[in-house]
Amino acid sequence: DWFEGRREWAVLMVMIDDATNRTYAQFFEGETTVSAMTTFREYVNCHGLPRSLYVDRDSIYEPTREATVDEELAETGPLTQFGRAMQELDVQLILAHSPQAKGRVERRHGVFQDRLVKGLRLARISDLAGANRFLEEKFLPELNRRFTVEPRASADVHRRVPRTVSLDRILCFQAARVVQNDWTVLWRGRYFQLTETNRNLALVRQKVLVCEHLDGTIHLRYRGRELVWHELSERPARPAQSASGMTGVGRVGQKPAADHPWRKGATAPRERRPARPPCAAPVAALPALRKAGGRGKEKSMTT
């Protein structure tokens, strides 16, 4: 209850440099993947990429699902969205087994819960936007001035973000989705229609990467290429069905009706065919046949 009843409860996301005690913090409505990514991005913009992060075992950082078949084959294991982003940025994610393991940042929490609460009260701040301005402009500069220490080594191991790397493209929600036969992509109950400009890519039944950025914007990418699309207001209609309920001309697997012509030959009794006349001539006719055809025909019929 950072605001002592002046508004709803909030969450303070805190990052502290183990080497110097330098602290960054920001208020959010809750502890979510968005708040964790936003805090990390702002820290990186100020100080650069750290080598590692020491975090608790929250579901934001530690996956709770089983590995998929593709992950097992690749021997990568399951990752959360935050964990996947850290892997792409080459930041080691260390999971603490207890709050005491993160002693430095836990002690900093005690300072915030005492001095920050009093500072917000004296400044008569009762909203998150005002509280974050108070943090950035007054509280954090004073805190870091008083409590930052000299590191044991003078070298700063924070890294610059490479020019070819976009934090916004990495610090986002990413997932593969299959393009349907009508060239639509489903994402969190929303339907995205790919436009005609993508037809030459033959995307049907192919996987595209859906990226939802922290500001809510959506991007669809296929093998690094940006796709053009528009969102549908409702679920796309399925192809019209025939009277029999079939959507296509083929009827594979459908049994014919009882009165179907194909069934008549199987269910109706077979008619008895007339007996064919015998091929061999009676014995009494043999002399006449010998006179008419000779020995060759006699031999051919008696063979």
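See the structure above.
I will try to describe carefully the structure that is included in this document. Every value quoted in this text rests on a predicted model; they were computed, and no experiment measured them.

## Focus on the overall build of the protein chain
Working step 1: When you go through the protein chain residue by residue, the secondary structure sums to 8 helices and 11 strands.
Working step 2: In the protein chain, of all internal contacts separated by at least 6 residues, the share reaching a separation of at least 24 is 63%.
Working step 3: When the accessible surface of the protein chain is split by element, carbon and sulfur atoms take 51% of a total near 21,100 Å².

## Quick look at the layout of surface pockets
Picture a little ball the size of a water molecule; that probe, rolled over the atoms, points out where space is still empty.
Working step 1: Within this model, the largest pocket holds a volume of roughly 1,200 Å³.
Working step 2: Lining the largest pocket we find 45 residues, and of these Val14, Met15, Ile16, Tyr54 and Val105 sit closest to its centre.
Working step 3: Broken down by secondary-structure element, the contributors of at least two residues to the lining of the largest pocket are β1 (11-16), α1 (33-47), β3 (52-55) and α4 (103-122).
Working step 4: Examining the composition of the lining of the largest pocket, we find that 7 residues originate from one element, α4, more than from any other.
Working step 5: Class assignment of the residues belonging to the lining of the largest pocket gives a composition of 25 nonpolar, 9 polar and 11 charged.
Working step 6: The volume enclosed by the second largest pocket comes to roughly 280 Å³.
Working step 7: In this structure, the second largest pocket is lined by 12 residues; those nearest its centre are Gln180, Asp182, Thr184, Pro236 and Arg238.

## Describing the sheet that holds strand β10 (residues 225-226)
Working step 1: With antiparallel pairing, the 4 strands of this open sheet are ordered in space as β5-β8-β9-β10. The open sheet has two edge strands with one neighbour each: β5 (172-178) and β10.
Working step 2: With 4 bridges connecting them, strand β8 (residues 207-213) and strand β9 (residues 218-222) associate as antiparallel partners. Bridge assignment links Cys211 to a residue of β9, and that residue is His219.

## Details of the sheet that holds strand β6 (residues 184-187)
Working step 1: Strands sit in the order β6-β7-β11 across an open sheet of 3 strands; the sheet is antiparallel. Two strands lie at the open edges of the sheet, namely β6 and β11 (229-232), each paired on one side alone. Ignoring which end each strand starts from, the neighbouring axes of this sheet average 30° apart.
Working step 2: The sheet contact formed by strand β7 (residues 190-194) and β11 spans 4 bridges and is antiparallel. Within β11, the position partnered with Leu194 by the bridge is Trp229.

## Some remarks on the pairing of β6
Working step 1: Alignment of β6 against β7, held across 4 bridges, turns out to be antiparallel. Bridge pairing in β7 links Trp187 to Arg190.

## Some points on the environment of His158
Working step 1: With respect to the helices, strands and loops of the structure, His158 is situated in the loop between α5 (128-147) and α6 (167-170).
Working step 2: Expressed as a C-alpha distance, the spacing of His158 and Ser52, which sit 106 residues apart in the sequence, is 9.7 Å.
Working step 3: Contacts of His158, omitting those with residues within four sequence positions, involve Asp17, Arg22, Tyr43, His47, Gly48, Leu49 and Pro50.
Working step 4: A distance of 2.9 Å separates a polar atom in the side chain of His158 from a polar atom in the side chain of Tyr43.
Working step 5: Of note is the side chain of His158, whose polar atom sits 2.7 Å from the side chain of Asp156.

## Quick look at unusual backbone geometry
Working step 1: Even without being a glycine, Arg124 presents a positive backbone phi close to 55°.
Working step 2: Among the structural elements, Arg124 can be located in the loop between α4 and α5.
Working step 3: For Trp183, which is not glycine, the phi dihedral falls at a positive 65°.
Working step 4: By the element assignment, Trp183 lies in the loop between β5 and β6.
Working step 5: You can call Trp183 buried: its relative accessible area is 9%.

## Describing the side chain of Thr38
Working step 1: Among the structural elements, Thr38 can be located in helix α1.
Working step 2: Judged by relative accessible area, Thr38 falls into the buried class, the value being 10%.

## Structural notes on the pairing of β1
Working step 1: Of all 6 residues in β1, 5 are buried; the element is thus mostly enclosed.
Working step 2: Looking at chain direction, β1 and strand β2 (residues 23-28) are connected through 6 bridges and run antiparallel. Bridging from a neighbouring strand, Ile16 pairs with Thr23 of β2.
Working step 3: What sits between β1 and β2 in their antiparallel hairpin is a turn of 6 residues, with Asn21 showing a positive phi close to 75°.

## Some points on the packing of α4 against α5
When two helices pack together, their arrangement is given by the angle between the helix axes and the distance between those axes.
Working step 1: Between α4 and α5, the shortest axis-to-axis distance is 12 Å and the interhelical angle comes to 130°. By the angle between their axes, α4 is oblique relative to α5. Seen along the crossing, α4 lies across α5 with a hand that is right-handed. In this structure, α4 uses Arg108, Val111, Phe112, Arg115, Leu116, Gly119 and Leu120 to contact α5, whose residues at the interface are Ala131, Phe134, Leu135, Phe139, Leu140, Leu143, Arg146 and Phe147.
Working step 2: Here the contact of α4 with α5 is built from residues that sort into 11 nonpolar, 1 polar and 3 charged.

Calculation criteria
Residues numbered from 1 in each chain as written. Predicted model: local features only at pLDDT ≥ 70, side-chain atom pairs only at ≥ 80, totals over all residues. Heavy atoms only, no water. Helix = DSSP H or I, 4+ residues; strand = E, 2+ residues; numbered from the N terminus. Contact = heavy atoms within 4.5 Å. Areas by Shrake-Rupley, 256 points an atom, 1.4 Å probe, with all protein chains shown as cover. 1 Å grid on protein atoms, 1.4 Å probe; cavity = no way out; pocket = protein on both sides within 12 Å on 5 of 7 lines; lining within 4 Å. Points joined across faces, edges and corners; volume = space filled by probe spheres on them. Nonpolar A, V, L, I, M, F, W, Y, C, P; charged D, E, K, R; others polar. Pairing = 2+ DSSP bridges. Axes fitted to C-alpha atoms, helices over the stretch in contact; angles between N-to-C directions. Polar contact = N/O pair within 3.5 Å; in protein donor to acceptor, adjacent residues only side chain to side chain. Buried < 20%, exposed > 50% of the residue type's maximum accessible area, 1.4 Å probe, protein only. Parallel < 35°, antiparallel > 145°, perpendicular 65-115°, else oblique. Left-handed = near helix turned anticlockwise from the far one by under 90°.

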